[in-house]
Amino acid sequence: MTKRRLPVLAVLLAAALLAGCVPRAQSLAQRPVPSPTAAASPAPSPTPGQGLGGWQLERTADQQKYGSAGLLAWPCILFSIYLDEPEGGAVWTDEEIAQSQQTLATAVDWIEEQAAGYGVTPRLYYGTDDLIAHLGWTAPFVGGTGADEGPSFREEIENLCTRLDSDTLAQTYGTSSIGFLVFLPVSGCSFTAVHFLEDGSTYYHEYSCLYKENAFFPAGSAESPTVYAHEILHQFGAPDLYSGSNDLYVTDELVSYVAENWPDSIMMDTYNPDGTLQYDAIEKSLCPLTAFRLGLTATFPGIEQFPAAAEDPPGTFRMDPGTDVSRWQDNGAVATAPAA
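What counts and how
Residues numbered from 1 in each chain as written. Predicted model: local features only at pLDDT ≥ 70, side-chain atom pairs only at ≥ 80, totals over all residues. Heavy atoms only, no water. Helix = DSSP H or I, 4+ residues; strand = E, 2+ residues; numbered from the N terminus. Contact = heavy atoms within 4.5 Å. pLDDT = per-residue confidence, 0-100. Buried < 20%, exposed > 50% of the residue type's maximum accessible area, 1.4 Å probe, protein only. Arc of directions from axis to C-beta. Core = buried A, V, L, I, M, F, W, Y, C linked by side-chain atoms within 4.5 Å. Disulfide = S-S within 2.5 Å. Phe/Tyr/Trp six-rings, centres within 6.5 Å; stacked < 30°, edge-to-face > 60°. Lys NZ or Arg CZ within 6 Å of the ring centre and 35° of its normal.

### Some details on the environment of Pro288
Secondary-structure assignment places Pro288 in helix α7 (residues 288-293). As for Pro288 and Asn261, which are separated by 27 residues in sequence, their C-alpha atoms are 10.0 Å apart. If we skip the residues at most four places from it in the chain, Pro288 touches Tyr118, Trp262, Thr297, Phe300 and Pro301.

Listed below in structure tokens is the structure:
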């Protein structure tokens, strides 16, 4: 699946859009609400200004570095937004929401199991059960189907992300790291918008747009948990490892190296060996290179051959090959403790 940067336009939709956002409770087996703890990084406080969505946010150095989802080793909320088209258009049914949340559960379980293999236990909070404070909305999807991912679509998504009461969630769950999962009721190619080092306080919200159906398969083919996991991992710094990746250090030589050494890498492809989709499990691996880019390991086999993959701080993306990344470097211990 593709990952591409989505430019945020200066003019956002009116605040009235959020008035159409309502919690949708489901009977899902999710994690209980944890006791409040210190946030992974302090939640920013909004002040009036000319920033995104009418607010200018004072963001911490870590937030400017990693974006809204932070690092996989930090506690993180995966906030679900289900978008319905206007009257007469495509909408999500309760059954379809429940199915997508089960797909999400499979993806999150796999991510946690794979990370545990590298000695890290993520805490990812997700779901729409009201026992966990409605970690999800449904909203009118006035921007169209999203098939062209055009300006109005991007404006709408950014507006929804900006207006979430993240301070309250931070107090409840002990983390200010939030990754958004935007569920679209149509067929398409799922993708993720990530935060770049050059962005600073802007382009901050990281979100994965997950289509109800996979456009490359017959109508009715639901998106798979492998695709969900692939897209979610982008938010924490995992690069695409296939030919045509827009990540600066992913060359054809690196793609060939991954294919030879880790042919089942989830960041290389999201299909079974025969090209089919799988729904009951994820038969892929979180390869050592991906683990390194997520900040779960200090190195990876092949680092001497591909040193460019280690130039940027783990958990980050860079847009401009000429950007000096030295100001963002640290001691590399990004997986061991949350930011102070």
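### Description of the confidence of the model for the chain
Low-pLDDT portions of the prediction should not be read for the details of their coordinates. When pLDDT is averaged along the chain, the result is 78; 73% of the residues meet or exceed 70. In this model, residues 4-56 is a region of pLDDT below 50 whose contacts with residues beyond four sequence positions or in other chains number 152 contacts. Contacts from residues 130-134, a stretch scored under 50 in pLDDT, to residues over four places away or in other chains number 15 contacts.

### Some words on helix α4 (residues 166-173)
Within α4, burial applies to Leu169, Ala170 and Tyr173. Down the axis of α4, the buried set is contained in an arc of 105 degrees. They therefore lie on one face. Following α4 by one or two positions, Gly174 has its phi on the positive side, about 75 degrees.

### Considerations on the nonpolar core
If you look at the biggest cluster of nonpolar residues, it comprises 50 residues, and the most contacted ones within it are Leu72, Leu78, Leu233, Phe236 and Leu289. Broken down by secondary-structure element, the contributors of at least two residues to this core are β4 (76-84), α2 (94-116), β5 (124-126), β7 (178-188), α5 (225-235), α6 (252-261) and α7. The dominant element in this core, judged by the number of residues it contributes, is α2, at eight residues. The residues touching Leu72, leaving out its near neighbours within four places in the chain, are Ile111, Ala115, Pro122, Leu124, Leu233, Phe236, Leu294 and Leu296. In terms of nonpolar packing, the next biggest core, distinct from the first, is built from 23 residues, Leu83, Cys161, Tyr207 and Cys209 among them.

### Focus: the state of the cysteines
The tally for this structure, following the rule as stated, stands at zero disulfides. In this model Cys161 remains outside any disulfide bridge; the closest cysteine sulfur is found in Cys209, 8.4 Å from its own. What makes Cys161 buried here is its relative accessible area of 2%.

### Re the packing of aromatic side chains
Considering all chains together, one arrives at 12 aromatic pairs under this definition. Where Tyr82 meets Phe183, the ring centres are 4.3 Å apart and the plane angle is 10 degrees; that geometry is what we call stacked. In this pair, Tyr82 is assigned in strand β4 and Phe183 in strand β7, connecting sequence segments 101 residues apart. On the accessibility criterion, Tyr82 (1% relative accessible area) is buried. A ring pair is formed by Tyr257 and Trp262, whose centres lie 5.6 Å apart and whose planes are at 75 degrees; its orientation type is edge-to-face. There is no split in this pair, since Tyr257 and Trp262 are both buried. Three or more aromatic residues joined by ring pairs make a cluster, and in this case those are Tyr82, Trp92, Phe183 and Tyr228. In this structure, Arg59 is placed above the aromatic ring of Tyr204, and the distance from its NZ or CZ to the ring centre is 3.6 Å. Of note, Lys212 hangs over the ring of Trp92, and the distance from its end group to the ring centre comes to 5.5 Å.

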